[in-house]
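# Geometric and topological summary
Residues per chain, in single letters:
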Amino acid sequence: EADIYQTPRYLVIGTGKKITLECSQTMGHDKMYWYQQDPGMELHLIHYSYGVNSTEKGDLSSESTVSRIRTEHFPLTLESARPSHTSQYLCASSDPRDIETQYFGPGTRLLVL
Amino acid sequence: AQSVAQPEDQVNVAEGNPLTVKCTYSVSGNPYLFWYVQYPNRGLQFLLKYITGDNLVKGSYGFEAEFNKSQTSFHLKKPSALVSDSALYFCAVRRTGFQKLVFGTGTRLLVSP
């Protein structure tokens, strides 16, 4: 399996709280991605990054924000969590030398009460 | 616009029998096609990909996929299913000119003993 990590794995939090989902990879990949996935459903790209100081919004509009200060780290932040943010968040990275094969972390399952 | 379709929400097969999970694609230009598997409460794991060359691609865990340009299909196959193959399977296509993948809606595979 690829070396990409996400913490926490599970998070239950109240409405209005600020949260940061961590994602890190040790493969030196330039490209990183955040997907949102409801249980057993399709993946929706919400953010991606081509490298340090590069961030772009994905296909699905999200109230979350991301930053990419270091190659290996791509955290996602929700300034004020709401029940509608309840979902699973998957982080991935890819190596352009490997024709964009994306490697996924284990995911963070978020429940906002 | 590039897209993939997985026409079956669920596929049921008995252990030891061959399995097929269907995927059709729509792209402009040459497609880069991928299969991923997701086990419960886990991230996605890369299974195999088609870039160019042989139409039959072999991947992890005994899976293979056949690229058929005339039918625009990329079906996932395995000669003999295992109960442990039960999972959610996603087909994906890389957008031409974009560094992102588009995922299908997923197919749940259930292998019965």
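For the structure itself, consult the block above.
As a starting point, this report considers the structure included with it. (Residues numbered from 1 in each chain as written. Chains lettered and ligands numbered in written order. Predicted model: local features only at pLDDT ≥ 70, side-chain atom pairs only at ≥ 80, totals over all residues. Heavy atoms only, no water.)

Residues and elements named next belong to chain B. Tallied over the entire structure, the rule returns six salt bridges over all chains. Salt-bridge contacts for K58 lead to E64; the nearest nitrogen and oxygen are separated by 2.9 Å. For K58, a relative accessible area of 62% gives the class exposed. D85 is the salt-bridge partner of K78, the closest N and O atoms lying 2.8 Å from each other. An identical accessibility class is assigned to K78 and D85; each is buried. (Salt bridge = Lys/Arg side-chain N within 4 Å of Asp/Glu carboxyl O. Buried < 20%, exposed > 50% of the residue type's maximum accessible area, 1.4 Å probe, protein only.)

Right, let's talk about the interface of chain B and chain A for a bit. Across the contact, 23 residues belong to chain B and 26 residues belong to chain A. Both faces considered, chain B and chain A share a buried interface measuring about 2000 Å² in area, 52% of it formed by carbon and sulfur atoms. Scanning the region where chain B abuts chain A turns up four residue pairs in polar contact (both at pLDDT 80 or more). Looking at the side of chain B that touches chain A residue by residue, the class counts come to 10 nonpolar, seven polar and six charged. (Contact = heavy atoms within 4.5 Å. Buried area = accessible area lost by both parts, 1.4 Å probe. Polar contact = N/O pair within 3.5 Å; in protein donor to acceptor, adjacent residues only side chain to side chain. Nonpolar A, V, L, I, M, F, W, Y, C, P; charged D, E, K, R; others polar.)

Our next topic: the pairing of strand β5 (residues 32-38) of chain B. All names here are of chain B. Counting buried positions along β5 yields six of seven residues, so the element is predominantly enclosed. Examined bridge by bridge, β5 and strand β10 (residues 87-94) share seven bridges and lie antiparallel to one another. Note on β10: the bridge partner recorded for W35 is C91. Pairing between β5 and strand β6 (residues 44-50): six bridges, direction antiparallel. Note that in β6 the partner of Y36 across the bridge is F46. Hairpin geometry of β5 and β6 is characterised by an intervening segment of five residues between the two adjacent antiparallel strands and by a positive phi of about 60° at N41. (Helix = DSSP H or I, 4+ residues; strand = E, 2+ residues; numbered from the N terminus. Pairing = 2+ DSSP bridges.)

Let us look at the environment of Y61(B). Residue and element names in this part refer to chain B. Relative to the assigned elements, Y61 resides in the loop between β7 (56-58) and β8 (64-68). Overall, Y61 belongs to the partly exposed group, its relative accessible area being 47%. Considering only alpha carbons, one finds Y61 and L47, 14 residues apart in sequence, at a separation of 7.9 Å. Excluding anything up to four places from it in sequence, Y61 contacts Y39, Q45, L47 and K78.

One finds L33(B), W35(B), L47(B), L48(B), F74(B), L76(B) and Y89(B) to be the most contacted residues of the largest nonpolar core, which totals 28 residues. In contact with L76(B), other than residues within four places in its own chain, are L19(B), T20(B), V21(B), W35(B), L47(B), L48(B), F63(B), E64(B), A65(B) and Y89(B). One finds I13(A), I19(A), L21(A) and F74(A) within the second-largest nonpolar core, a separate group that totals 17 residues. (Core = buried A, V, L, I, M, F, W, Y, C linked by side-chain atoms within 4.5 Å.)

Where nonpolar side chains cluster on the molecular surface, the patch consists of V12(A), L111(A) and L113(A) and spans about 290 Å² of accessible area. With respect to the helices and strands, the residue V12(A) is situated in strand β2 (residues 10-13). (Patch = residues over 30% accessible without salt bridge, like charges linked within 9 Å, V, L, I, M, F, W, Y side chains within 5 Å. Areas by Shrake-Rupley, 256 points an atom, 1.4 Å probe, with all protein chains shown as cover.)

Moving on, we come to the sheet that holds strand β3 (residues 19-25) of chain A. All names here are of chain A. With antiparallel pairing, the four strands of this open sheet are ordered in space as β1-β3-β8-β7. Among the strands making up the open sheet, the edge pair consists of β1 (4-7) and β7 (65-66). As judged from the four bridges shared by β1 and β3, these two strands associate in the antiparallel manner. The partner of T7 across the bridge, within β3, is E22.

Function cannot be read off these values alone, since they describe shape.
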